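Residue-level structural notes
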There are 4 protein chains.
Amino acid sequence: MATKSLDKAQKEQAILQTASLFFARDGYRNTDVQAIADEVGVGKGTIYRYFGNKEALFRATANAAMEHLVSELRPILTREGDPIALIKEVALAYCRFYSQHPHYVEILIQERAEFRGSIPDTHLIYRAKNRSLFEDLLQRAMALGLIRKLDVNSVTTAFANTLYGTVVCGCLQGQSDDLVALAVPAIDLFLTAIQVDNGVTL
Amino acid sequence: MATKSLDKAQKEQAILQTASLFFARDGYRNTDVQAIADEVGVGKGTIYRYFGNKEALFRATANAAMEHLVSELRPILTREGDPIALIKEVALAYCRFYSQHPHYVEILIQERAEFRGSIPDTHLIYRAKNRSLFEDLLQRAMALGLIRKLDVNSVTTAFANTLYGTVVCGCLQGQSDDLVALAVPAIDLFLTAIQVDNGVTL
Amino acid sequence: MATKSLDKAQKEQAILQTASLFFARDGYRNTDVQAIADEVGVGKGTIYRYFGNKEALFRATANAAMEHLVSELRPILTREGDPIALIKEVALAYCRFYSQHPHYVEILIQERAEFRGSIPDTHLIYRAKNRSLFEDLLQRAMALGLIRKLDVNSVTTAFANTLYGTVVCGCLQGQSDDLVALAVPAIDLFLTAIQVDNGVTL
Amino acid sequence: MATKSLDKAQKEQAILQTASLFFARDGYRNTDVQAIADEVGVGKGTIYRYFGNKEALFRATANAAMEHLVSELRPILTREGDPIALIKEVALAYCRFYSQHPHYVEILIQERAEFRGSIPDTHLIYRAKNRSLFEDLLQRAMALGLIRKLDVNSVTTAFANTLYGTVVCGCLQGQSDDLVALAVPAIDLFLTAIQVDNGVTL
DNA sequence: CATGAATGAGCCTTCATTCAT
DNA sequence: TATGAATGAAGGCTCATTCAT
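Below, the structure is looked at part by part. Keep in mind that what you see is a predicted model, and the values were worked out from it rather than measured.

With an RMSD of 0.2 Å, the fit of chain B onto chain A corresponds to turning through 179° and sliding 0.0 Å along the axis. What the rotation and shift describe, once combined, is the action of a two-fold rotation axis. Interface overlap between copies: 100% of the residues of chain B at the interface are likewise at the interface in chain A, consistent with a symmetric, same-surface contact.

And the structure:
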């Protein structure tokens, strides 16, 4: 055949892709590196050559998942426009992302389960790296008088945790294909709570 | 000596307790049943006699954790009084519980990681069994005109997911000893959102 | 109940009986002493009190089987009458015995399989103890001129091995309920061969 | 070194050979796969790679034994010449084979003891596959008027069982190095019985 | 005497990782 | 550079035996 073998980058991507699916479907510990190699069509040694060991391979999949997520959310977070609308939009995009890639949720759970404590959670690293963008949105909304004076940090954490809880529990309950619908009430409650004129001081 | 050895129930509890800590600290797959036996001071065979196999032992710890949680929340959920106050109280109790028993969070994560799909998640079974009590509180509050007309089911789910996300992410970030403080903003946002006179229609 | 528990001898017999069936059905190594105890309805400790250990229990079943066999064959071997007829009769009785108690065949195989070499085979001990009775029959027949001059020892061994082979292979092939029919041709060939007037010198 | 390690087929043979000896000497259940690996000088994993599991390894030894036996008997069974002489020759070869490889007898016993019923006995499978060759010899002898009119099937079974009984009992009695001498009387009795001019109708 | 809970040595099997080709 | 055969540490589970009650 013409392209008998993929080039290095393509092969790495193929391994990552397959590993991701296997880790999500079978769990980290139940996934045999050999099975990934067989599925991709490379030797087991190649995987070790590319990724060093099983743990590193796994982490690479977790990172790729988060990179993927960020690549979808960043454009929204950095877009001009009504901050309230953007907050809603990014929240929905977050849910839609996991709805389209439910195995990423499993990856996050697997990571925590297997490596709890030994290294910082990839999910939280990415949250930390990007939360300032979300906080900027809140600041902007506050400056425009669209939302009440709130502790931006606490509210960001609360919202992030709410979305996380919704996505994870939704997937656990087999509603991964409808995470958006599941999240809408939670998002609306959040927006309701932060907006002005509700006569309540938080 | 008087109490040379524990009675059957005590021994079972001791095994469950130790298993719980080991599973939480090392993960399900990284925990050697022998290590649990050694720590408890019984033979490995005794553990197998009591629980059948490693998986059953693990599930027993997950169940015990949930029973424990329920035993703390039920009295609040079934208490008379201001529903809004009770909602807040039960949410705080939920967080306090996990703050005091952070390893239970790990147990839930481990369960999902290892047995995803093969059996319904213990956490969700318990949530399902007890959610009607929470919904009753919302209904009561609604009847009293304390909160807006909302879809009780959706709101319950949203709130449960929020608390779950807060607890899990809090533990992941090493803030397990202060889950209550972490949750307060989220709880207040929720209460703000559902209460009347905020001029917003959900 | 009146006879709440069996007396010592009865209990020993019951254990032996059950052990025999279990060892034959499941094999020595696959038989759990606990299972025997449960089936008999006694404590496991009782079995150990009566028989010492699993191996001794097994040997006791092998011995009982052989005692049983001998108790059926002896009367024939020691009976007066036509030696040729008695030879045939004892051979048929041997086969009939195993046809009626096919699990004894398994016991013999199990014994050999598990204890090969470590102790003399029960089956062969009994054969040795009783072969002189068979040889007496041959001597008698020879003295009466009914059979040719043969080496009694060799012929006895040859016949015993033939019957053994027939019984064992018959059972292995699932023809344990018809060992007699299977043996008749072999027995007749044997009788034909040893009798006079066949013009052949062995 | 030139032949640093054995090639695949050689290694498989070495494992089979060693396994065969261990299973025969210690019994199936008492043989530790690790011990075989150590003796052969390979890792335990290698054995599992080659044979899958302990049972399959065992069955492979049983099959190899039978293939070996057949490879020795077939040339005789298919040779031209005096059928009576060939019958005697093949019988002697059968005994000589087990005399030279007495551990194969143990393998057959072990197989039956451990797997009774769960799978057809290897020994009997091979007997079934090759008995027609022996029956052909009998037919030929009958056609030539060398032996009486007999039921070929019954006689074949009788003879096979006789040889089996002789070999097994011979080995059990520690006479494995002289099975041929042990069998000669039985073989001669058989040949005497089937040949013509003995004035008896079976 | 009888019991059966407790024990722990023993063994099969898996799979991450290595390294000779 | 790619491969995949070989490795062996690790761990789940069983069950004969003991002994306190």
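What follows deals with the protein's contact with DNA strand F. Looking at DNA strand F, there are 31 residues lining it, with Thr46 of chain A, Lys44 and Lys54 of chain B, Lys54 of chain C together with Thr46 of chain D nearest. A share of 64% of the atoms of DNA strand F within 4 Å of the protein falls on sugar and phosphate groups. At a separation of 3.3 Å, a phosphate oxygen of DNA strand F approaches a polar side-chain atom of Tyr48 of chain C. Measuring from a base nitrogen of DNA strand F, one finds a backbone N or O atom of Gly45 of chain D at 3.3 Å. Looking at the surface near DNA strand F, the elements with two or more residues in it are helix H3 (44–51) of chain A, helix H3 (44–51) of chain B, helix H3 (44–51) of chain C together with helix H3 (44–51) of chain D. Partitioned by chemical class, the residues of the surface near DNA strand F number eight nonpolar, 10 polar and 13 charged.

Residue and element names in this part refer to chain C. If you check helix H5 (residues 83–100), its first and last C-alpha atoms are 25 Å apart, about what 18 residues at 1.5 Å a residue would give, namely 26 Å. Where burial is concerned, most of H5 is hidden: 13 out of the 18 residues are buried. For H5, the N-terminal capping position is held by Asp82, with its side-chain oxygen 3.2 Å away from the main-chain nitrogen of Ile84.

Attention now moves to the interface of chain B and chain A. Accessible area lost on assembly of the parts is the figure often given for the size of an interface. If you look at the interface, chain B gives 45 residues, while chain A gives 45 residues. There are two salt bridges connecting chain B and chain A. Of the charged contacts in the structure, one is a salt bridge between Glu106 of chain A and Arg112 of chain B, with a shortest N-O distance of 2.3 Å. Linking chain B with chain A are 11 residue pairs in polar contact (both at pLDDT 80 or more), by the criterion used here. At the level of elements, helix H1 (8–26), helix H6 (102–115), helix H7 (122–143), helix H8 (152–172) and helix H9 (179–194) of chain B are the ones that each hand at least two residues to the side of chain B that touches chain A. When residues in the side of chain B that touches chain A are grouped by element, the largest group, 13 residues, is from H8 of chain B.

At the junction of the two partners, chain C supplies 45 residues and chain D supplies 44 residues. With both chains or domains summed, chain C and chain D bury close to 3,700 Å², and 64% of this area falls on carbon and sulfur atoms. Counting every contact that joins chain C to chain D gives two salt bridges. For the pair chain C and chain D, the interface holds 11 residue pairs in polar contact (both at pLDDT 80 or more). Those elements that provide at least two residues to the side of chain C that touches chain D are helix H1 (8–26), helix H6 (102–115), helix H7 (122–143), helix H8 (152–172) and helix H9 (179–194) of chain C. No other element matches H8 of chain C, which puts 13 residues into the side of chain C that touches chain D. Residue composition of the side of chain C that touches chain D, by class: 20 nonpolar, 13 polar and 12 charged.

Reading the values: the criteria
- Residues numbered from 1 in each chain as written.
- Chains lettered and ligands numbered in written order.
- Predicted model: local features only at pLDDT ≥ 70, side-chain atom pairs only at ≥ 80, totals over all residues.
- Heavy atoms only, no water.
- Least-squares fit on C-alpha atoms with pLDDT ≥ 70 in both.
- Contact = heavy atoms within 4.5 Å.
- Near = heavy atom within 4 Å.
- Polar contact = N/O pair within 3.5 Å; in protein donor to acceptor, adjacent residues only side chain to side chain.
- Helix = DSSP H or I, 4+ residues; strand = E, 2+ residues; numbered from the N terminus.
- Nonpolar A, V, L, I, M, F, W, Y, C, P; charged D, E, K, R; others polar.
- Expected span 1.5 Å × (residues − 1).
- Buried < 20%, exposed > 50% of the residue type's maximum accessible area, 1.4 Å probe, protein only.
- Salt bridge = Lys/Arg side-chain N within 4 Å of Asp/Glu carboxyl O.
- Buried area = accessible area lost by both parts, 1.4 Å probe.

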